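So you can see what is in the structure, the chains are spelled out below.
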Amino acid sequence: MFSDQDKSFMRLALEEATKSFVINEVPVGSVVVMDNEVVGSGHNAVISNNDVSSHAEIIAIRNASKNLNNYRLNQAVIYTTLEPCHMCAKAIVDARIDKIIFATPEPKTGSLISIDNVLDRLDFNHKVSYQYGLFADESSMLLKNFFKQRRKN
């Protein structure tokens with residue numbers, strides 16, 4: 001189901017998520033890959049940046065677009081550790097990314113399989129495919145540990 005390359009790129013997304021954990025942000029990480037090369041990466045920085053749009057996926061897309069000098073990311077794949085919200089899913093569509101691979105569902109705000117199936121339901125001007133479950137346990141554990149730590153403080 002998932003290739004060795006998929007696993008390698010999702011490990012990088014998990015490294016990005018760990019960066020969020022360290023700075024006391026919800027641990028979500030993303031990498032954008034094109035031609036088997038990471039062209040953008042990001043981790044949650046909503047609190048650090050005082051910016052509600054500073055989700056891992058948005059930052060990774062911005063980073064990739066800047067690195068490629070193009071706001072269109074045709075034929076790219078985005079690997080993210082948590083199911084994207086509606087904002088991130090729409091940004092992925094607008095960037096023309098071809099595929100999303102995410103680790104674990106987000107039962108409260110997930111827009112692909114949890115509270116909505118926006119990519120299947122709406123007729124956008126660009127079709128994005130998705131897969132999920134790659135390193136779901138690792139991503140879920142990172143999130144659980146983060147929220148457990150927050151409840152202690």
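What you see is a predicted model, and the numbers here were worked out from it, not measured in a lab.

Peer 1: Let's hear about the packing of helix α3 (residues 56-68) against helix α4 (residues 86-94): which residues, and what values?
Peer 2: Interaxial distance between α3 and α4 falls to 9 Å at its minimum, and their mutual angle equals 25 degrees. Here α4 runs roughly parallel to α3, going by the angle between their axes. In terms of crossing hand, the pair formed by α3 and α4 is left-handed. Residues Glu57, Ile58 and Ile61 of α3 form the contact with α4, whose participating residues are Met87, Cys88, Ala91 and Ile92. Of the residues belonging to the contact of α3 with α4, the class tally is 6 nonpolar, no polar and 1 charged.

Peer 1: Requested: an account of the environment of Val28, with residues and values cited.
Peer 2: Examined against the element boundaries, Val28 turns out to sit in the loop between α1 (4-22) and β1 (29-34). As a C-alpha pair, Val28 and Pro105 span 77 residues in sequence and 12 Å in three-dimensional space. The contact partners of Val28, leaving out residues within four places of it in the chain, are Glu16, Ala17, Ser20, Gly42, His43, Asn44, Ala56, Thr80, Thr81 and Leu82.

Peer 1: Describe the pairing of strand β3 (residues 77-82), listing the residues and the values that go with them.
Peer 2: Counting buried positions along β3 gives 6 out of 6 residues, so the element sits mostly inside the fold. Of the strand pairs in this sheet, β1 and β3 are connected by 4 bridges, and their pairing is antiparallel. Opposite Val33, over in β3, you have Val77 as the bridge partner. Here β3 pairs with strand β4 (residues 99-104) via 5 bridges, running parallel. For Tyr79, the partnering residue across the bridge sits in β4 and is Ile101. Each parallel crossover has a hand, and for β3 linked through α4 to β4 it is right-handed.

Peer 1: Report on the state of the cysteines, specifying residues and quantitative values.
Peer 2: Inspection of every chain in the model, using the stated rule, returns 0 disulfides. Free cysteine Cys85: the closest other cysteine sulfur is in Cys88, separated by 3.7 Å. Classification of Cys85 by relative accessible area gives buried; the value is 14%.

Peer 1: Could you give an account of the nonpolar core, with specific residues and numbers?
Peer 2: With 20 residues, the main nonpolar core has Val32, Leu73, Ile97 and Ile100 as its most contacted residues. Of all the secondary structure elements, the ones that give two or more residues to this core are β1, α3, α4, β4 and α5 (118-121). When residues no more than four places from it in sequence are discounted, the contact partners of Ile97 are Ile61, Leu73, Ala76, Val77, Ile78, Ile92, His126 and Val128. Phe2, Met10, Val77 and Tyr79 belong to the second largest nonpolar core, which has 13 residues in total.

Peer 1: Report on the pattern of salt bridges, specifying residues and quantitative values.
Peer 2: A complete count under the given rule lists 2 salt bridges for this structure. Residue Lys19 is joined to Glu16 by a salt bridge in which the shortest nitrogen-to-oxygen separation is 3.0 Å. A residue pair is termed a helical-turn pair when its members lie 3 or 4 positions apart in one helix, as Lys19 and Glu16 do in helix α1 at 3 residues. Among the residues examined, Lys19 registers a relative accessible area of 42% and is labelled partly exposed. Here Asp94 and Lys90 are joined by a salt bridge, their closest N and O atoms 2.6 Å apart.

The rules behind these values
Residues numbered from 1 in each chain as written. Predicted model: local features only at pLDDT ≥ 70, side-chain atom pairs only at ≥ 80, totals over all residues. Heavy atoms only, no water. Axes fitted to C-alpha atoms, helices over the stretch in contact; angles between N-to-C directions. Helix = DSSP H or I, 4+ residues; strand = E, 2+ residues; numbered from the N terminus. Parallel < 35°, antiparallel > 145°, perpendicular 65-115°, else oblique. Left-handed = near helix turned anticlockwise from the far one by under 90°. Contact = heavy atoms within 4.5 Å. Nonpolar A, V, L, I, M, F, W, Y, C, P; charged D, E, K, R; others polar. Buried < 20%, exposed > 50% of the residue type's maximum accessible area, 1.4 Å probe, protein only. Pairing = 2+ DSSP bridges. Right-handed = clockwise from strand over helix to strand, strands pointing away. Disulfide = S-S within 2.5 Å. Core = buried A, V, L, I, M, F, W, Y, C linked by side-chain atoms within 4.5 Å. Salt bridge = Lys/Arg side-chain N within 4 Å of Asp/Glu carboxyl O.

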